[in-house]
Amino acid sequence: MPNFSWRGRNTAGDSVTGVMEGAAANAIADALTSLQITPIEIKPHNSSAVSSKSTTGNAPGKTAGNNGFSFFKTPIQPVDVLLFSRQLHTLLKAGVPIMRALAGLQESSTNPSMKTVLGNVREGLDSGRDLSLSLARHPEVFSRFYLSMVRVGEMTGRLEEVFIRLFDHLDFERFMKEQVKAALRYPTFVIIAMAVAMLIINIFVIPAFAKTFKGLNAELPLMTRVLIGFSEFMVNSWPFLLAGTALAVLGFNAWRKTDKGCYDWDRLKLRIPIAGKIIQKGTLARFARAFALSSRSGVPIIQALTNVAETVENAYIAHKISKMRDGIERGESVLRTSISAGVFTPVVIQMIAVGEESGALDDMMQEIADMYQSEVEYELKTLSQQIEPILITALGAMVLVLALGIFLPIWDLGSNMIKN
């Protein structure tokens, strides 16, 4: 059987890594979960040596879960997990046994891949596994935060309540992403249109004027020479430009997938004018809502911060949250660690102080999430208005350069003809 390198966190929240032998990645995830290790990353290992920092032994040779999804299968979208959470809450609240509920959801699902996952979850329950362990065999579908919340629901006997809270959380994340996409649609279209216009002008328009200017045998202005030179470079060197652009994109994606590259890029995104503050507020809204959800469900604060750090989808903010967790482990207060994090506004810091002092930190975190959400919605509604001056200035500068470069020689020629 092949070996897999894995990375995860134990019950104390410490990061652990190792190599384990198993039939598939799902089998490794199943084995790690049974050892109270939450898997974060599992990938094939080239070496044949089998070692582990936290455990020894082999993963089961068989697994009821599927070994990932092929290219031709319909992928499972976040909306599928969203509907699954809502429907399962409704069925459990109505008193339907979980096996019957899963069978009904499997039968009614319109996504073949989701049908397969639900079938594997039912098989896991049939074999005596808990629901959280059965779901953990599909880390590509259910996030670490999702599994942690389900595990808490099993321990407290409030699964139906946990699923409706997960539904609200996932619906909030979906809403945020859709709002960002909608706000960026107009400026993206304008930028693409400007880029296409520049290509057409440099490939077709400027070369036609260059032939006319060449026949004049007159000295051209500097701006015209620059435009003609750039146009000739694009026309004659387009294969190199395409190759260079492709290599730059591939190199950037490869750099961004590294730990340091991901951290630096996520930190840089927060400093982008206009968009950076929206990304930061949206990320912190996700953090506050996830923390409130974990705290209300009975998750210990250290474990809650560990789980939330995996859900913010920003390595820089996740690092700050992990430092908050480390500070709390050393005995510091939530307020002190929040101040040290350096990502919260004074108003939020004050709300955290009130929540910690009154013992209602989860309620305050929910209010912080709602406040950030309102600010993000306002920023997104006014995003087009904020970007429009920049786009108009860029468009005006482009037209000015083209006008000076193309029409200035014609103007000079007309002036000379009038003088003569």
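Parameters and conventions
- Residues numbered from 1 in each chain as written.
- Predicted model: local features only at pLDDT ≥ 70, side-chain atom pairs only at ≥ 80, totals over all residues.
- Heavy atoms only, no water.
- Helix = DSSP H or I, 4+ residues; strand = E, 2+ residues; numbered from the N terminus.
- Contact = heavy atoms within 4.5 Å.
- Areas by Shrake-Rupley, 256 points an atom, 1.4 Å probe, with all protein chains shown as cover.
- 1 Å grid on protein atoms, 1.4 Å probe; cavity = no way out; pocket = protein on both sides within 12 Å on 5 of 7 lines; lining within 4 Å.
- Points joined across faces, edges and corners; volume = space filled by probe spheres on them.
- Nonpolar A, V, L, I, M, F, W, Y, C, P; charged D, E, K, R; others polar.
- Salt bridge = Lys/Arg side-chain N within 4 Å of Asp/Glu carboxyl O.
- Buried < 20%, exposed > 50% of the residue type's maximum accessible area, 1.4 Å probe, protein only.
- Polar contact = N/O pair within 3.5 Å; in protein donor to acceptor, adjacent residues only side chain to side chain.
- Pairing = 2+ DSSP bridges.
- Axes fitted to C-alpha atoms, helices over the stretch in contact; angles between N-to-C directions.

Visitor: Where do I start with the overall build of the protein chain in this structure?
Guide: Tallying secondary structure elements over the protein chain gives 17 helices and 3 strands in all. Sequence separation of at least 24 residues holds for 64% of the intrachain contacts in the protein chain that already meet a minimum separation of 6. Split by element, the accessible area of the protein chain, about 22700 Å² in all, is 61% carbon and sulfur.

Visitor: Looking at this structure, I do not really get empty space enclosed by the protein. What am I missing?
Guide: All chains considered together, the criterion is met by 1 cavity of 30 Å³ or more. Within this model, the largest cavity holds a volume of roughly 50 Å³. Lining the largest cavity are I206, F209, A210, F213, T224, L227, I228, G405 and I406. Elements that contribute at least two residues to the lining of the largest cavity include exactly α7 (159–216), α8 (222–236) and α17 (383–419). Element by element, the count of residues in the lining of the largest cavity is highest for α7, at 4 residues. Looking at the lining of the largest cavity, its residues break down into 7 nonpolar, 2 polar and no charged.

Visitor: Explain the environment of F142 here, please?
Guide: Along the chain, the position of F142 falls in the loop between α5 (131–136) and α6 (144–156). On a C-alpha basis, the gap between F142 and V81 in space is 7.7 Å, while along the polypeptide they are 61 residues apart. Residues within four places of F142 in sequence aside, it is in contact with V81, F84, M114, V117, L135 and L147.

Visitor: I keep staring at the pattern of salt bridges and nothing clicks. Help me out?
Guide: It is possible for side chains of opposite charge to pair when their charged atoms get near one another. Following the criterion strictly, the structure yields 13 salt bridges and no others. Across the salt bridge formed by E375 and K281, the nearest N and O atoms sit 3.3 Å from each other. Taken as a pair, E375 in helix α16 (residues 361–381) and K281 in helix α11 (residues 275–296) lie far apart in primary sequence, 94 residues in all. Among the salt bridges present, the one from D370 reaches R289, with a minimum N-O distance of 3.1 Å. With D370 in helix α16 and R289 in helix α11, this residue pair connects regions lying 81 residues apart in the sequence. According to the relative accessible area criterion, D370 is partly exposed, its value standing at 34%.

Visitor: It is not clear to me how the side chain of N111 should be interpreted in this structure. Could you clarify?
Guide: With respect to the element layout, N111 can be found in the loop between α3 (98–108) and α4 (112–126). By relative accessible area, N111 is classed as buried at 7%. A distance of 3.0 Å separates a polar atom in the side chain of N111 from a polar atom in the side chain of D80.

Visitor: It is not clear to me how the sheet that holds strand β1 (residues 3–9) should be interpreted in this structure. Could you clarify?
Guide: Each strand in a sheet pairs with another by means of backbone hydrogen bonds, the pair being arranged parallel or else antiparallel. Ordered by their spatial adjacency, 3 strands build an open sheet running β2-β1-β3, and the pairing between neighbours is antiparallel. With one partner strand each, in any of the chains shown, β2 (15–21) and β3 (38–44) form the two edges of the open sheet. Across the sheet, the mean angle separating the axes of adjacent strands is 25° when strand polarity is ignored. Sheet topology note: the β1/β3 ladder contains 6 bridges and is antiparallel. Bridge pairing in β3 links S5 to K43.

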